[in-house]
Amino acid sequence: LCRYNKGQVPEIGDLESYDNELIDLWIQTQIKVLEAYDQLQFHNALENIFIFIRAINKFLEMCTPWKLAKSEAPKDQSRLRTVLALCAEAMRLAATILAPILPTVSSKILAVFQISAVTWGKSLTWDNHILTGRSITTDALILFPRIT
């Protein structure tokens, strides 16, 4: 994300079918994770969160933003911006819902998007515009420090 669009989260453009699949997966994930939290089944919550995170990775592999960035075609540049924005939003949501289990990791990820506090409610709703225009910083972002 930092390499493209001058280090800012771009605006989401036209969505393709697999874009909507990622959004739909988030809705399902949110329901499953919140139910697991209510039942104090944190292992199930974590499992579902990581299914969503793996789906973000698969989405990136399928959309190949590194290839889109090399193209000068307006359609590819528009698609690149949409892919980046969707991934940013997906990571924001994953980090937010991770907070009860991994609060430090969640805070570090959210800090990338200049979000300082986790709040429930609307912050768990997919929002195509909440991150638009935010600068991204990865200064010394180490989620899991090496144990020596």
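Structure report, in brief.

**Remarks on the overall build of the protein**
Regarding its fold elements, the protein presents five helices and zero strands. What you see in the protein, going N to C, is helices and strands ordered as α-α-α-α-α. Every one of the 148 residues in the protein was classed for burial, and the buried ones make up 39%. A separation of at least 24 residues holds for 71% of the contacts in the protein among residues at least 6 apart in sequence. Total accessible area computed for the protein in this model is approximately 8800 Å², and 55% of it derives from carbon and sulfur atoms.

**Examining the packing of helix α2 (residues 42-63) against helix α4 (residues 74-98)**
One way to put it is that α2 packs onto α4 with a least axis distance of 10 Å and a crossing angle of 170°. Taken together, the axes of α2 and α4 are roughly antiparallel relative to one another. Judged by residue contacts, Leu46, Ile49, Phe50, Phe52, Ile53, Ile56, Phe59, Leu60 and Cys63 of α2 engage Arg79, Val83, Leu86, Cys87, Ala90, Met91, Ala94, Ile97 and Leu98 from α4.

**Considerations on the packing of helix α1 (residues 17-38) against α2**
Two elements in contact, α1 and α2, have axes separated by 8 Å at closest approach and are oriented at 170°. As the angle between them shows, α1 and α2 are arranged roughly antiparallel. Judged by residue contacts, Tyr18, Asp19, Leu22, Leu25, Trp26, Thr29, Lys32, Val33, Ala36 and Tyr37 of α1 engage Phe42, Asn44, Ala45, Asn48, Ile49, Phe52, Ala55, Ile56, Phe59, Met62 and Cys63 from α2. Grouping the constituent residues of the contact of α1 with α2 by class yields 16 nonpolar, three polar and two charged.

**Focus: the side chain of serine 106**
As for its placement among the helices and strands, serine 106 is situated in helix α5 (residues 103-112). Those residues in contact with serine 106 that sit more than four places away from it in its chain are Ala95, Thr96, Leu98, Ala99 and Val118.

**Notes on the nonpolar core**
Formed by 39 residues in total, the largest nonpolar core has its most connected members in Leu22, Phe52, Phe113 and Trp126. Of all the elements in the fold, those that place two or more residues in this core are α1, α2, α4 and α5. Apart from residues no more than four positions distant in its own chain, phenylalanine 52 is found in contact with Leu22, Leu25, Trp26, Thr29, Ala90, Ala94 and Trp126.

**Examining the packing of aromatic side chains**
Counted by the stated rule, this structure contains three aromatic pairs. Here tryptophan 26 and phenylalanine 52 contribute two aromatic rings whose centre-to-centre distance is 5.2 Å and whose plane-to-plane angle is 55°, an arrangement assigned as tilted. Placement of tryptophan 26 in helix α1 and of phenylalanine 52 in helix α2 is noted, with a sequence separation of 26 residues between them. What makes tryptophan 26 buried here is its relative accessible area of 0%. Judged by its relative accessible area of 0%, phenylalanine 52 is buried. Taken together, a centroid distance of 5.9 Å and an interplanar angle of 45° make the contact between tyrosine 37 and phenylalanine 42 tilted. The class for phenylalanine 42 is partly exposed, based on a relative accessible area of 38%.

Cut-offs applied
Residues numbered from 1 in each chain as written. Predicted model: local features only at pLDDT ≥ 70, side-chain atom pairs only at ≥ 80, totals over all residues. Heavy atoms only, no water. Helix = DSSP H or I, 4+ residues; strand = E, 2+ residues; numbered from the N terminus. Buried < 20%, exposed > 50% of the residue type's maximum accessible area, 1.4 Å probe, protein only. Contact = heavy atoms within 4.5 Å. Areas by Shrake-Rupley, 256 points an atom, 1.4 Å probe, with all protein chains shown as cover. Axes fitted to C-alpha atoms, helices over the stretch in contact; angles between N-to-C directions. Parallel < 35°, antiparallel > 145°, perpendicular 65-115°, else oblique. Nonpolar A, V, L, I, M, F, W, Y, C, P; charged D, E, K, R; others polar. Core = buried A, V, L, I, M, F, W, Y, C linked by side-chain atoms within 4.5 Å. Phe/Tyr/Trp six-rings, centres within 6.5 Å; stacked < 30°, edge-to-face > 60°.

Distances and angles like these do not, on their own, reveal function.
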